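Analysis of the macromolecular model
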Amino acid sequence: MSQHDKPVKISKILRNKAEEFLSNPNLSNNLLDIIKHFETGADTSACLLTLEFIFTNLLKNGEMHIEVIPLKPIEPTIEYQYRQWLRNLYEETWSKVLTTFENSSIKIQMQALSSSMNILAYEGRYPLEHKGSLECYVPLNRLKLILMRILSNKHHNPHLVAKFEEYLIYDDILFYVWKVLPSLTAKSNPNDIYIMNYLLLLEKLQVKRNEESRMLCSSGGMNMHFNFDETALKRYLNKIWNCIILWEHTVATHKQLLIVLLEKVLPYLDKPLLLTDFLMDSLDVGGPVSLLALQGIFTMIQVYNLDYPNIFAKLYSMFEPEIFHTKFKPRLFYLADLFLSSTHLPENLVAAFAKRLARLALVAPSEDIIIICMFIGNLILRHPGLKCLLNHSVGGTTTNDPYIMEERDPLKSNAINSSLWEIQTLQNHALPSVATAATFINNPLPSIEWDISKVLENTGDNIFDKELKKNSKLVALAFDKPNRFSLSKGEKLFNYWNFC
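The rules we used
- Residues numbered from 1 in each chain as written.
- Predicted model: local features only at pLDDT ≥ 70, side-chain atom pairs only at ≥ 80, totals over all residues.
- Heavy atoms only, no water.
- Helix = DSSP H or I, 4+ residues; strand = E, 2+ residues; numbered from the N terminus.
- Contact = heavy atoms within 4.5 Å.
- Areas by Shrake-Rupley, 256 points an atom, 1.4 Å probe, with all protein chains shown as cover.
- Expected span 1.5 Å × (residues − 1).
- Buried < 20%, exposed > 50% of the residue type's maximum accessible area, 1.4 Å probe, protein only.
- Axes fitted to C-alpha atoms, helices over the stretch in contact; angles between N-to-C directions.
- Parallel < 35°, antiparallel > 145°, perpendicular 65-115°, else oblique.
- Nonpolar A, V, L, I, M, F, W, Y, C, P; charged D, E, K, R; others polar.
- Phe/Tyr/Trp six-rings, centres within 6.5 Å; stacked < 30°, edge-to-face > 60°.

**Focus on the overall build of the protein**
- Scanning the protein from N- to C-terminus turns up 21 helices and zero strands.
- Partitioning the contacts of the protein with sequence separation of at least 6, the portion at a separation of at least 24 is 71%.
- Carbon and sulfur atoms form 53% of the exposed surface of the protein, whose accessible area is close to 26,600 Å².

**Overview of helix H9 (residues 192-204)**
- Over its 13 residues, H9 extends 19 Å from the first C-alpha to the last, a length consistent with the 18 Å expected when each residue adds 1.5 Å.
- The element H9 is largely enclosed, with a buried count of ten among its 13 residues.
- Here the buried face of H9 lies against helix H6 (140-150), helix H7 (158-164), helix H8 (171-184), helix H10 (230-244) and helix H11 (251-265).

**A look at the packing of helix H3 (residues 44-60) against helix H5 (residues 106-125)**
- Viewed as axis vectors pointing N to C, H3 and H5 meet at an angle of 5°, and their least axial separation amounts to 9 Å. The angle between the axes of H3 and H5 places the two elements in the roughly parallel class. Touching Thr-44, Ser-45, Leu-48, Leu-49, Glu-52, Thr-56, Leu-59 and Lys-60 of H3 are Ile-108, Gln-111, Ala-112, Ser-115, Asn-118, Ile-119, Tyr-122 and Glu-123, all from H5.
- Looking at the contact of H3 with H5, its residues break down into seven nonpolar, six polar and three charged.

**Some details on unusual backbone geometry**
- Here the phi dihedral of Asp-43 falls at roughly 50°; this positive angle occurs in a residue that is not glycine.
- If you trace the backbone, Asp-43 turns up in the loop between helix H2 (28-39) and H3.

**Brief notes about the packing of aromatic side chains**
- The tally for this structure, following the rule as stated, stands at 17 aromatic pairs.
- Where Tyr-194 meets Trp-247, the ring centres are 5.8 Å apart and the plane angle is 65°; that geometry is what we call edge-to-face. Taken together, the positions of Tyr-194 in helix H9 and Trp-247 in the loop between H10 and H11 put the pair 53 residues apart, joining distant regions of the chain. The exposure classification of Tyr-194 matches that of Trp-247, with both residues buried.
- Members of the aromatic cluster, connected to one another through ring pairs, are Tyr-316, Phe-319, Phe-333, Phe-353 and Phe-375.

Shape is all these values report; function is a separate question.
So this is what it looks like as structure tokens:
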């Protein structure tokens, strides 16, 4: 037997043993053999699938169900003893399945999560004991243990979080994950591995029920009604947030925390204004953290009437050459566009942004120069007084420019007395699309603003492809040197080319 055929062979043997046991309980040694093989660590994936097959069938057939009647002692019949034996094996096997979450193979870890969630779903549909009038029962103890493995403090688990997201489309799983999560939230400072796993999971959790109501653990069907208590869910979220905001964060976890805050959490916080100090401190971190904090502050100003008078100086300071080489660059342009959208801003303030962007355009990648030209054009459209920058009597060159690039306060930069000579310079750019974008200062401005959202995600490759398509008909991709006996078309080339 070849090494390639071995896993298939073992998988088939294990499956046959499982089917024999399920059809004949007297063959209980088959189950013990499968568990023993699982404990050796060999063929783990095949063992997981086989054990999942066995225990989901045992649950479905009620063979581990024990009827408990209050105040009535249980008679130790042979049937009861057998069911209790199966229950004990079930618990032992469940614990062994959980240990495979730490297997060195990501494939086996994913299978462990899939098998454990399938077993949990069957126990929810076919409980081990009678659950009264509950329409939907989720074994919280098992769900909690699964989440504990995902929220490891030893291993980064983005793959497990991504896999677990598949189960969050079910209302019962989504709601009960929120319910048990506060008890799994570290109260003191955890390490950064746990924090990142936790924040990645939190990012996947919806705060409202899914559009299509579905249950994983309900035996009454996928579309059965479930009491999804959004008020309770918001309470769980606020309890969680009050803990994680106090953790000590690295730059990476700080960035991820802000992403979760902006994209998931902020609209549901009871007291969002309490975040003011956190966001202002985050502004001083620099890089993507500052940019994300800026977005949070903009939301606080816009929605919650936060007063932050120094915000434009902070925004101004973020326009540095390094921003062009981060993936958060489109977000900065988008936010700057929002902050500078008011027509009531002082013209000398807006002029400082226009001038700083023009200066940065001299060192920016080609795709960003096009964005900057559109952005500056939009600023001039909003503030017609800035047309003085297009043809100023002084400040027309680098040698006599009164603009102070090093000044951190935009109101003191003296930009209003300068001109956009940088844009004029860019009209000599090697790329025709960039040079064309810079000609806006020579032409009448349009009546409506440019839509910069269409070019925010552009890359140098996009520009190259467009230029190539535009000029492809003019480029000779292959050429055979003509000889003296060529046709007239070939002979013409001798008038224009010198062939060595």
